[in-house]
Amino acid sequence: MNDCKLTPAPAPLTAKDYRSDLKPVWCAGCGDYAVIAAITRALAELQLPREDVAFVSGIGCSSRIPAYSAVYGFHGVHGRALPLATGLKVARPDLTVLVAGGDGDGFSIGGNHFLHACRRNADVTYIVMDNSVYGMTKGQASPTTAADWTGSVLTPDGPGVPAFRPLEIALAAGASFIARAFSGDPTTLAAQIVAGIRHEGFSLIHVLCPCVTYRPEQQKEFKARVHAEWQPTDDRREAFGRLLDDDGYATGILYRNPRPAYRAPQVAATTLDAIAAGFEVAAA
């Protein structure tokens with residue numbers, strides 16, 4: 001009789017397995033708690049090996065998420081998360097690359113990078129937690145703040161300029177997956193993250209995520225006004241039409257239209273000496 005014992009299959013990973021031992025320091029009631037719960041739930045549903053996932057972020061409350069995740073992480077400088085993530089994905093196409101950020105980090109100092117990340121269509125998933133305020137730096141108006149918001153002492157009469165509209169910008173710039181969710185509905189958000197990761201190309205998931213400290217009115221406002229509305233379309237004209245009628249609180253997958261994701265040109269391996277010799281020949 002063969003007395004060899006079968007090795008038991010490893011237990012499936014759970015959402016908890018994707019959480020680090022660090023305790024979040026967000027304000028009690030912050031929507032970011034629900035977002036990280038949705039992210040880890042999505043990773044568990046996909047059963048992605050932790051060593052095959054990388055999380056990149058910039059600066060801000062939401063950008064702390066890589067530290068609270070038990071996957072590879074890179075906490076970059078302000079506004080630079082997307083070029084870091086794009087470079088990582090190009091160099092290591094085998095990795096699942098996620099990006100976390102907020103409306104300030106992503107659409108202000110990082111606004112130009114946002115445009116070109118959409119245009120390049122690298123295969124990364126960008127989760128933006130938008131509360132229309134700079135929460136970490138004490139409540140200034142952000143790019144998505146309404147022109148008449150008077151809650152900051154720096155702009156007592158309101159910022160006075162129209163709010164940045166990230167979904168319209170993303171669609172115009174070439175993003176191939178665009179969705180909006182609400183942190184108060186982490187189940188739907190997790191499903192969107194799963195869909196975004198599975199989509200080959202740049203995926204934007206715009207999360208309405210209240211700031212309980214500097215925009216406390218958002219908790220009731222978001223709950224009252226958020227409404228599930230969108231089903232995915234691959235028609236860009238139809239998606240633009242939906243956004244023209246958007247009140248800012250519609251949720252769902254707005255647009256999904258696969259197109260080839262950006263990949264670096266394949267070149268033969270070489271050495272630094274060979275590269276230097278090539279420059280010498282060119283200069284001769």
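Just above sits the structure.
Residues numbered from 1 in each chain as written. Predicted model: local features only at pLDDT ≥ 70, side-chain atom pairs only at ≥ 80, totals over all residues. Heavy atoms only, no water.

(A) A look at the environment of serine 176. Following the sequence through the fold, serine 176 ends up in the loop between α5 (166-173) and β5 (177-182). On the accessibility criterion, serine 176 (1% relative accessible area) is buried. For the pair serine 176 and leucine 204, spaced 28 residues apart in sequence, the C-alpha to C-alpha distance is 8.5 Å. If sequence neighbours within four positions are ignored, serine 176 has contacts with Asn121, His199, Glu200, Gly201, Phe202, Tyr255, Arg256, Asn257 and Arg259. (Helix = DSSP H or I, 4+ residues; strand = E, 2+ residues; numbered from the N terminus. Buried < 20%, exposed > 50% of the residue type's maximum accessible area, 1.4 Å probe, protein only. Contact = heavy atoms within 4.5 Å.)

(B) Seen up close, the pairing of β5. With respect to burial, β5 is a largely interior element, six of its six residues being buried. Sheet analysis places β5 next to strand β8 (residues 250-256), joined by four bridges and oriented antiparallel. Bridge pairing links phenylalanine 177 to arginine 256 in β8. (Pairing = 2+ DSSP bridges.)

(C) Just the pattern of salt bridges, in detail. Per the counting criterion, the structure on display carries eight salt bridges. One salt bridge connects aspartate 123 with lysine 89, and the closest N-O pair in it is separated by 3.9 Å. Residue aspartate 123 is found in the loop between α4 (111-120) and β4 (124-130), and its partner lysine 89 is found in helix α2 (residues 81-91); the two are separated by 34 residues along the sequence. The burial state of aspartate 123 is the same as that of lysine 89; both residues are buried. (Salt bridge = Lys/Arg side-chain N within 4 Å of Asp/Glu carboxyl O.)

(D) Broad picture of the packing of aromatic side chains. This model, assessed by the stated rule, comprises nine aromatic pairs. For the pair phenylalanine 107 and phenylalanine 114, a centre-to-centre distance of 5.1 Å together with 65° between the ring planes defines the contact as edge-to-face. Here phenylalanine 107 and phenylalanine 114 have matching classes, each one buried. Plain terms: the ring middles of phenylalanine 107 and phenylalanine 164 are 5.2 Å apart, the flat faces sit at 20° to each other, and that makes the pair stacked. Of this pair, phenylalanine 107 sits in helix α3 (residues 103-109) while phenylalanine 164 sits in the loop between β4 and α5, placing them 57 residues apart in sequence. Classification of phenylalanine 164 by relative accessible area gives partly exposed; the value is 25%. Feature note: the residues Phe107, Phe114, Tyr126, Phe164 and Phe202 constitute an aromatic cluster, connected by ring pairs. (Phe/Tyr/Trp six-rings, centres within 6.5 Å; stacked < 30°, edge-to-face > 60°.)

(E) The nonpolar core, seen in detail. In this structure, Val35, Ile39, Ile65 and Ile193 are the most contacted members of the largest nonpolar core, which totals 34 residues. Secondary structure elements with two or more residues in this core: α1 (32-46), β1 (53-57), β3 (96-102), β4, β5, α6 (186-198) and β6 (203-208). The leading source of residues in this core is α1, at eight residues. Not counting residues within four places of it along the chain, the set of residues in contact with isoleucine 193 comprises Ala38, Ile39, Ala42, Ile127 and Ile205. Of all hydrophobic cores here, the second largest spans 28 residues; its members include Ala54, Val56, Tyr126 and Tyr255. (Core = buried A, V, L, I, M, F, W, Y, C linked by side-chain atoms within 4.5 Å.)

Nothing here speaks to function; it is all geometry.
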